[in-house]
Amino acid sequence: MQRYPMTPQGHAALEAELKQLKNIDRPRITASIAEAREHGDLKENAEYHAAREQQGFCEARIRDIEAKLGGAQVIDISTLPKEGRIVFGVTVVIENMDTEEEKRYQIVGDDEADFKGGKISVNSPIARGLIGKYKGDEARIETPRGVVEYEIMEVIYG
């Protein structure tokens, strides 16, 4: 069984999305299909085909979320020992050693990642290059533009 690491917030967000899909979106789409059926010939009924397509997307997303929640490995950073090591869930402040530009990222699960929001996937090249390191360490990260060297300025738990 595949395990999906996620923060408690990410787990709650997936549960909320699942509830929305099952209790609001699914019934709305079912009603749209029923209404479109009443319009007659289904072969040339664009409303019907659009509603069926929406239904397919909705059901696929429900299955996807249920699988992820079933394999969820919720990691609450507040329960981990604060030894200063970069692990899943921590927020890190890193400085590009060439440009001296600082960046702040929280390492989260794939579904929670939002690069512009400062949340990077645990499977991203940056996160993989940082995991296991400590404040003051240097990390060489392979990026599409080449190798970038960062110094770890801060590791924040919580």
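Now for a quick tour of the structure. (Residues numbered from 1 in each chain as written. Predicted model: local features only at pLDDT ≥ 70, side-chain atom pairs only at ≥ 80, totals over all residues. Heavy atoms only, no water.)

### Details of the overall build of the protein
Item 1. Each helix and strand counted, the protein has three helices and seven strands in total.
Item 2. Going residue by residue from the N terminus, the α and β elements of the protein occur as β-α-α-β-β-β-β-α-β-β.
Item 3. For 158 residues, the compact-globule formula gives about 15 Å, and the C-alpha radius of gyration of the protein, at 22 Å, lies well above that figure.
Item 4. Based on the C-alpha atoms only, the size of the protein along its principal axes is roughly 70 × 35 × 25 Å.
Item 5. Within the protein, the proportion of its 158 residues that are buried is 35%.
Item 6. Sequence separation of at least 24 residues holds for 54% of the intrachain contacts in the protein that already meet a minimum separation of 6.
Item 7. In the form shown here, the protein has an accessible surface area of approximately 9,800 Å², with 48% of it arising from carbon and sulfur atoms.
Item 8. In the protein, the 22 positive side-chain charges and the 29 negative ones have mean positions that sit 4 Å from each other. (Helix = DSSP H or I, 4+ residues; strand = E, 2+ residues; numbered from the N terminus. Rg over C-alpha atoms; globule rule 2.2 N^0.38 Å. Buried < 20%, exposed > 50% of the residue type's maximum accessible area, 1.4 Å probe, protein only. Contact = heavy atoms within 4.5 Å. Areas by Shrake-Rupley, 256 points an atom, 1.4 Å probe, with all protein chains shown as cover. Lys, Arg positive; Asp, Glu negative; His and termini not counted. Charge placed at Lys NZ, Arg CZ, Asp CG, Glu CD.)

### Overview of the sheet that holds strand E5 (residues 119-121)
Paired through backbone hydrogen bonds, the strands of a sheet run either parallel or antiparallel to each other.
Item 1. Strand order in the open sheet formed by five strands is E5-E4-E3-E7-E6, and the pairing between neighbours is mixed. Across the chains shown, the open sheet's two edge strands, defined by having one partner strand only, are E5 and strand E6 (138-143). Between one strand axis and the next, the sheet turns by 45 degrees as a mean value, whatever way the strands run.
Item 2. As defined by bridge partners, strand E3 (residues 91-96) adjoins strand E7 (residues 146-156) across six bridges and the pair is classed as antiparallel. Following the sheet pairing, Ile94 is matched in E7 by Ile152. (Pairing = 2+ DSSP bridges. Axes fitted to C-alpha atoms, helices over the stretch in contact; angles between N-to-C directions.)

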